[in-house]
Amino acid sequence: MFRATLKSLLARKLRLILSGLAVVLGVMFVSGAFVLTDTLGRSFDAVFADAYEGVDVNVSAKPRMEVGDFEGDAVAMPVPAETVERIRNVAGVADATGIVAADGARLIGSNGKVVTSFGPPQIGANWVGTSDLVQLREGREPQADDEILVNAGLAKAGRVAVGDRVGVLTLEPKQEFTIVGVFGYSGGRDSLGGVNEVMFTTPVAQQLMLGQGDAFTNVTVSAAAGVANDRLRDDIAAVLGADFEVKTGAELSADSAATLKEGLSFFNRILLGFAAVALLVGTFLILNTFSIIVAQRTRELALMRAVGAGRRQIIGSVVLEAVAVGLLASVLGLGAGVGIGALLAYLFGNLSGGLDLAGIAVPPAAVIGAFGVGLIITVVAALLPALRASRIPPIAAMQDVAMPDRPLTKVTVTGAAVTSTGATLLFLGLGGHAGDNTLITILGGVLFAFIGVALLTPMISRPVVGLLGGLFSWWMPGKLGRLNSGRNPRRTAITAAALMVGIALVTGVTVILDSAKSSISGLAEDKIKAELVISGAQTGSRPPTFDPAVLEKTAALPGVALVGGAYGDLAQVGDERTWVGANSDVSTLTQIFGARATAGDISRLGPDQMLVSSDVATSRGLSVGSTVPVQLARAEAKTYTVSGIYEAGDFLDPVTLPATAAQGFTIPQPMMGFIQLTPGAQAADVLPRVETLLADSPEVSVADRKAFIEQQTEPLDGLLRMIQILLLLAIVIAVLGIINTLALSVLERTRELGLLRAVGLGRAQTMGMITVEAVVISVFGALLGIAVGAGLGAAVVEALHDEGITDLVFPWADMGTMVGLGALVGVLAAVIPAVRAARIDVLGAIAHD
Amino acid sequence: MTATVGRQAQAAARASEVWKVYGSGEAQVIALRGVSCEFEQSRFTAIMGPSGSGKSTLMHCLAGLDSVTRGTVSIGETTVTGLGDAGLTKLRREQVGFIFQQFNLLPTLTAKENILLPLSIAGRKPDQAWFDTVIETVGLRDRLDHRPAQLSGGQQQRVACARALVSRPQVIFADEPTGNLDSRAGAEVLKFLRNSVREHGQTIVMVTHDPTAAAYADRVVFLADGQIVSELIEPTAETVLDTMKKLDTQVEVGD
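Draft legend 1. Molecular detail of the sheet that holds strand 1 (residues 11–22) of chain B. All names here are of chain B. Overall, antiparallel pairing links the four strands, which are arranged 2-1-4-5 in an open sheet. Both edges of this open sheet fall to strand 2 (29–40) and strand 5 (78–79), since each of them pairs with a single strand only. Bridging between strand 1 and strand 4 (residues 70–75) involves five bridges; their strand directions are antiparallel. If you follow tryptophan 19 over to strand 4, its bridge partner there is arginine 70.

Draft legend 2. Inspection of the sheet that holds strand 9 (residues 219–224) of chain B at higher detail. Residues and elements named next belong to chain B. Here six strands make up an open sheet; going across it, the order is 6-7-8-3-9-10 and the pairing mixed. Edge positions in the sheet fall to strand 6 (96–99) and strand 10 (227–233), since each of these pairs with one other strand and no more. When strand polarity is set aside, the average angle formed by the axes of neighbouring strands in this sheet is 20°. Here strand 3 (residues 44–48) runs beside strand 8 (residues 204–207); their pairing, made up of four bridges, is parallel. Bridge pairing links alanine 46 to methionine 206 in strand 8.

Draft legend 3. Representation of a nonpolar patch on the surface in the model. Residues and elements named next belong to chain A. On the surface, Phe266, Phe267, Ile270, Leu719, Met722 and Leu726 cluster together into a nonpolar patch covering about 490 Å² of accessible area. If you list the elements that add at least two residues to the nonpolar patch, you get helix 7 (249–296) and helix 19 (705–748). Mapped onto the fold, leucine 726 is located in helix 19.

Draft legend 4. Representation of the nonpolar core within the structure. Counting residues in each nonpolar core, the largest one holds 161 residues, and the members touching the most others are Phe450 of chain A together with Leu117 and Phe173 of chain B. In terms of residue count, helix 21 (residues 763–799) of chain A provides more of this core than any other element does, 17 residues in total. Phenylalanine 450 of chain A has contacts with Leu280, Phe284, Met500, Val501, Ala504, Leu505, Val788 and Leu792 of chain A, leaving out every residue within four places of it along the chain. Counting 47 residues, the second largest nonpolar core, distinct from the first, contains Leu144, Val197, Ala217 and Phe222 of chain B.

Draft legend 5. Structural detail: the pairing of strand 3 of chain B. All names here are of chain B. Of all five residues that make up strand 3, five are buried, and the element is covered over most of its length. Of the two faces of strand 3, both are covered, the one formed by Phe44, Ala46 and Met48 as well as the one formed by Thr45 and Ile47. Of the strand pairs in this sheet, strand 3 and strand 9 are connected by four bridges, and their pairing is parallel. Directly across from threonine 45, in strand 9, lies its bridge partner arginine 219.

Draft legend 6. Looking closely at the interface of chain B and chain A. Listed by partner, the interface residues are 21 residues for chain B and 23 residues for chain A. With both sides pooled, the region where chain B packs onto chain A buries about 2100 Å², and carbon together with sulfur makes up 66% of that total. Our enumeration of links across chain B and chain A arrives at three salt bridges. Notably, a salt bridge pairs aspartate 85 of chain B with arginine 757 of chain A, separated by 2.5 Å at the nearest N-O pair. At the surface where chain B touches chain A, the tally comes to seven residue pairs in polar contact (both at pLDDT 80 or more). Elements with a contribution of two residues or more to the side of chain B that touches chain A: helix 2 (85–94) and helix 3 (111–122) of chain B. With five residues, the single largest contributor to the side of chain B that touches chain A is helix 3 of chain B. Taken together, the residues that form the side of chain B that touches chain A break down as nine nonpolar, six polar and six charged.

Draft legend 7. Region of interest: the state of the cysteines. All names here are of chain B. Throughout the structure, instances matching the rule amount to zero disulfides over all chains. The thiol of cysteine 37 is unpaired, and the distance to the nearest cysteine sulfur, on cysteine 61, comes to 13 Å. Residue cysteine 37 is classed as buried on the basis of its relative accessible area of 5%.

Draft legend 8. Broad picture of the packing of helix 20 (residues 750–758) of chain A against helix 21 of chain A. Residue and element names in this part refer to chain A. In contact at an axis separation of 10 Å, helix 20 and helix 21 are set at 140° when each is read in the N-to-C sense. Judged by the angle between their axes, helix 20 and helix 21 are oblique. You can see that helix 20 and helix 21 cross each other, and the crossing is right-handed. Contacts between helix 20 and helix 21 involve Leu753, Leu756 and Arg757 from the first element and Arg763, Thr766 and Met769 from the second.

Draft legend 9. Local environment of the side chain of serine 31 of chain A. Residue and element names in this part refer to chain A. Structurally, serine 31 can be placed in helix 2 (residues 13–51). Exposure remark for serine 31: the relative accessible area of 0% places this residue in the buried category. Leave out the neighbours within four places in its chain, and serine 31 touches Gly333, Leu334, Gly337, Ala366 and Ala370.

So, how was this worked out
Residues numbered from 1 in each chain as written. Chains lettered and ligands numbered in written order. Predicted model: local features only at pLDDT ≥ 70, side-chain atom pairs only at ≥ 80, totals over all residues. Heavy atoms only, no water. Pairing = 2+ DSSP bridges. Helix = DSSP H or I, 4+ residues; strand = E, 2+ residues; numbered from the N terminus. Axes fitted to C-alpha atoms, helices over the stretch in contact; angles between N-to-C directions. Patch = residues over 30% accessible without salt bridge, like charges linked within 9 Å, V, L, I, M, F, W, Y side chains within 5 Å. Areas by Shrake-Rupley, 256 points an atom, 1.4 Å probe, with all protein chains shown as cover. Salt bridge = Lys/Arg side-chain N within 4 Å of Asp/Glu carboxyl O. Core = buried A, V, L, I, M, F, W, Y, C linked by side-chain atoms within 4.5 Å. Buried < 20%, exposed > 50% of the residue type's maximum accessible area, 1.4 Å probe, protein only. Contact = heavy atoms within 4.5 Å. Buried area = accessible area lost by both parts, 1.4 Å probe. Polar contact = N/O pair within 3.5 Å; in protein donor to acceptor, adjacent residues only side chain to side chain. Nonpolar A, V, L, I, M, F, W, Y, C, P; charged D, E, K, R; others polar. Disulfide = S-S within 2.5 Å. Parallel < 35°, antiparallel > 145°, perpendicular 65-115°, else oblique. Left-handed = near helix turned anticlockwise from the far one by under 90°.

Put into structure tokens, the structure is as follows:
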């Protein structure tokens, strides 16, 4: 039995490889994800180990606020300068150095643009001399307050050199400096993990990066000879007390790396998501291939039964085939995954400005994931065909047992049940009834919906395929193709369903994003009564900001009626972390955003007063006169009194603080500016003047309302394209499925093709016939996908109604493109099978048997 | 019926000095050794011979399904030898009809659609009167909307015959048309083929190993070892059987 199975497997290797390819791709993503995160993780470990190599013990102040995941970075409390002295006096300390190092030093390159970084921080620090790690490559140390050093990586990225006068944006608006030196790191590295560094003199660094003199972000300590690091750590901690965090260098390095690795899990999730899609489509493919193979081997399997093989053995033989395919696919997928993981790690390293990659290794999780996923998917998909194979009666060996088309009732009823389960799960998940399990519930709902619709597909396929094929019926080969595609509803259905998944996901995402886009622009149209808007696109971890002085200067321009600068930050308000805003001119709230007071006065705001939205007021039980303690990132805790409540609106912050409070925000500079013109003033006249004022704030630009609204939705367009491109993969896999199905059908119908050729069907007509069959199947799949995707998208949009997505937009043009894509996919998939069919030797085809 | 067989100008199909060799060297098999033969219009010719005599190969070469190693084959005015795929397709559409042992109907099409298939493929309109005549003759009027799976073997083969006839080809090649039928259904099909020759002037070339079937033909050509060895005009089952027996002994002696 075992030998027979392997023989038959080898005889069909090409076909199985084709269907196994989907599993290979799925496994590739799974193992690629693990390899990528493992490699990057170890690379970061190495970077931090290097960076903190010379540090025996590190002292920093406990942050003002404990910050959870996804709540932004904690702003560390500065360490007062006298702490350095206190540490030096601890027994066992050889030396202690006050360090200023904080994210947010943005150098303006020689092209006038800010040197951006995707991910790694842009550190502004104080120069404390060279060390084992930091080596001066060129020039000298900074002496005057307008002198800086930059690391070689930043010098290259910004195309700046020693002697250049450059602008640097920090907590303060642009200031000019002279580059007096360029430094690198041990081992000839230009940058540590892509980090850009600007080194100031200590007082300048304190002012620009901390916003206060006589303080440091942390103190590094070297231990005297013979003193153990952890011993010293405990000693220092004991002296300094509970307000400080004291860690050994090794601890610090491990903690820092752990934080970054946390961020990496994002990549993991994306890759695993695509793996899931690929594997879902792959399951359909494998199921179909094994079904066809079993159908073709009916005689052979019946013979085995006739010579005494039991049903179990038949099942075993099919499952064994699946195991072999799964193993092979897993091995190939693992190999490809290591490759893809390495490639992505390399790309990541390059994109982030030169992360030195640790060697590529294959973590056990990748191997376990690859084989687990590959084997399970293949075997599960092959189970149904295996059961069917076991039901072949031995008599089928002797004669052509007509295998009647089994009625579709059972599969349709099951499909309806599964689809309803999916719909119910979606309803629960999207309706917010699933609590903590929302994401799982929604994903489960989508999965069930896909499987359910796939089961319903055979039933739907009859009328739809008939209708679609009707388009080709005027042409004999077209008619034959249509009839062939309707011949085996199950096979057609599964093939189409594989395509459906990809198309449905693309359609769904497009519906959601287009609806979001339309809602956002609609809102902005409605709610923002400013003719000009100052804003910029966020490229790094920090939002773009500009010089607050621009606001005043703009207000003085002729034709400008009102200017509002919007500041914002996360802050601890009462016992919750909330986004708080501040406006340079609080009256803009009513005039530009159309805020309406529900209580108190919202047109004014004293230094100790705050405004809250009606939502916040309701949820926290606040009313005019309530007092709330607020802890900002860079200020002492302070209690504000609610002086007004405005109706919650989409462009209004939940909490508005007075303009003076903005100095305590992480970034005390405005992120956006809104300009309202006097009646009769032309936006086109004022715009260039504001542009001139923004010359020193290269992160932002000024745009009229229309352009601003477009800018707001641009990121969504980018996101949409990215998702569409990635989901194309699912469509590519589905194409493999169509090729597979057609190739097998051609093989099955060799004799028929021979006959058709014998009665005069030309080669081109033969190819036309196969192409029509493919196109009918693929367009059917596309239509199905569009319908399911539109449904899913509409459900999500409906669920997000309260989040501000009020418009439901169906992307008709994209849907049309998708149908076209479906047709194209069919034509492409048909090429190989059609050529094969056209090349069939007529004599051989009709004379065989 | 004239007895001067094989030399008339209006031959529907002709083979001249046809050699067919498969393989090379040790494995070389010579299927046809310089066969020359003509098949006159409006006659029903049977090709007979023991297994391996080359009778099927001869028919395949005549019909343009197989290429010849040497010699030429022509159908009507068309020289088949050397035709490319497009030429062969045209030939099959316009000049040749086929009837197979396995019926070879398309399961997705109704009887009527199967019958009209060659015309549909060629994009030609059926001649309604002729179509009606063919349907009447094969007696399938009330079965036209049935699919092959709903028809008996005899009915299926009659559909196949009607399919071959409906485009009025120069020659119909029938390959063991009764091989899969019981004797009664077989007799019906053969009668029907003979009638189409007698009444409508159709030319039919049939390969068979069944003397009873051959007896329906106007003429029987006997092949043995790749050569024409004998022929019978106006055969009966007995004369065919006798000739076959003789051939068998010759072959045995030859071995």
